[in-house]
Amino acid sequence: MKMIIFVRDIGLPSGKSLFQLQAERILCVQRLAAQSTNEGSAGLVQIHWYIMTSPFTDDATRRFFESHRFFGLEPDQVTFFQQGTIPCVSKDGRLIMETSYRVTKAPDGNGGVYSVLIGLTGPPFVDQL
């Protein structure tokens, strides 16, 4: 399994992962939004969290969230989606082969979110935002 930076201990005194810190921020903003609308309950204000993974980290990320009970968020307010992949090339422009018949692929980076948003690599998310 590839180590995902957001699940690692990054040396904070709390030992919390980056995913946990972000989830706690979302819960705090939900509470503040509920208070400012005089609703008084964070359950009435829900912020959706979209988490981009790669084909290499998707299963581990989902399992991490499940094992931590989504850090207090509702499972249906967290959407995981996979970024695309692109062929790997060497510095001299040659394809890097995983096997004799398969090209090595790597995640297409943060820019891949745009392809996902408009539906080029899966269901579009633009309509949900």
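A quick note: this is a predicted structure, and the numbers were derived from the prediction, not measured.

Peer 1: Describe in detail the overall build of the chain, supporting the description with residues and values.
Peer 2: Within the chain, the secondary structure is distributed over three helices and six strands. Starting at the N terminus, the α and β elements of the chain follow one another as α-β-α-β-β-β-β-β-α. Buried positions account for 27% of the 129 residues belonging to the chain. The long-range fraction of contacts in the chain, counting pairs at least 24 apart against all pairs at least 6 apart in sequence, stands at 50%.

Peer 1: Just give me the short version of the pattern of salt bridges, but keep the residues and values in it.
Peer 2: Using the criterion set out here, one finds four salt bridges in the structure. In this structure, Lys16 and Glu24 form a salt bridge, with 2.9 Å as the shortest nitrogen-oxygen distance. Of the residues examined, Glu24 reaches a relative accessible area of 28% and is grouped as partly exposed. The partner of Arg102 in a salt bridge is Glu98, and the shortest N-O contact between them spans 3.8 Å.

Peer 1: So what's going on with a nonpolar patch on the surface? Which residues, and what values?
Peer 2: There is a patch of nonpolar side chains on the surface, built from Val89, Leu95 and Met97 and spanning about 270 Å² of accessible area. Tracing the backbone shows Leu95 in the loop between strand 3 (85-87) and strand 4 (97-99).

Peer 1: A description of the packing of aromatic side chains should follow, citing residues and the corresponding values.
Peer 2: In this description, an aromatic ring pair is defined by two values, namely the gap between the centres and the angle between the planes. A complete count under the given rule lists nine aromatic pairs for this structure. Pairing Phe19 with Phe65 gives two aromatic rings, centres 4.9 Å apart and planes at 65 degrees, and the pair type is edge-to-face. Of this pair, Phe19 sits in helix 1 (residues 18-36) while Phe65 sits in helix 2 (residues 58-67); the two residues are 46 residues apart in sequence, bridging distant segments of the chain. Cluster of aromatic residues (ring-pair linked, three or more members): Phe19, Trp49, Phe64, Phe65, Phe70, Phe71 and Phe80.

Peer 1: So what's going on with the side chain of Gln77? Residues and values would help.
Peer 2: As for its placement among the helices and strands, Gln77 is situated in the loop between helix 2 and strand 2 (78-82). Separated by 3.4 Å, the side chains of Gln77 and Gln46 make a polar contact. Within polar-contact distance, the side chain of Gln77 engages the backbone oxygen of Ile47 at 2.6 Å. The residues contacting Gln77, other than those within four sequence positions of it, are Ile26, Gln30, Gln46, Ile47, His48 and Trp49.

Peer 1: Requested: an account of unusual backbone geometry, with residues and values cited.
Peer 2: We note that Arg69 has phi near 50 degrees; this positive angle belongs to a residue other than glycine. Turning to its location among the elements, Arg69 is positioned in the loop between helix 2 and strand 2. Given the relative accessible area of 72%, Arg69 is considered exposed. A positive phi angle is found at Phe71, which is not glycine, with a value near 55 degrees. Within the element layout of this structure, Phe71 appears in the loop between helix 2 and strand 2.

About the thresholds
Residues numbered from 1 in each chain as written. Predicted model: local features only at pLDDT ≥ 70, side-chain atom pairs only at ≥ 80, totals over all residues. Heavy atoms only, no water. Helix = DSSP H or I, 4+ residues; strand = E, 2+ residues; numbered from the N terminus. Buried < 20%, exposed > 50% of the residue type's maximum accessible area, 1.4 Å probe, protein only. Contact = heavy atoms within 4.5 Å. Salt bridge = Lys/Arg side-chain N within 4 Å of Asp/Glu carboxyl O. Patch = residues over 30% accessible without salt bridge, like charges linked within 9 Å, V, L, I, M, F, W, Y side chains within 5 Å. Areas by Shrake-Rupley, 256 points an atom, 1.4 Å probe, with all protein chains shown as cover. Phe/Tyr/Trp six-rings, centres within 6.5 Å; stacked < 30°, edge-to-face > 60°. Polar contact = N/O pair within 3.5 Å; in protein donor to acceptor, adjacent residues only side chain to side chain.

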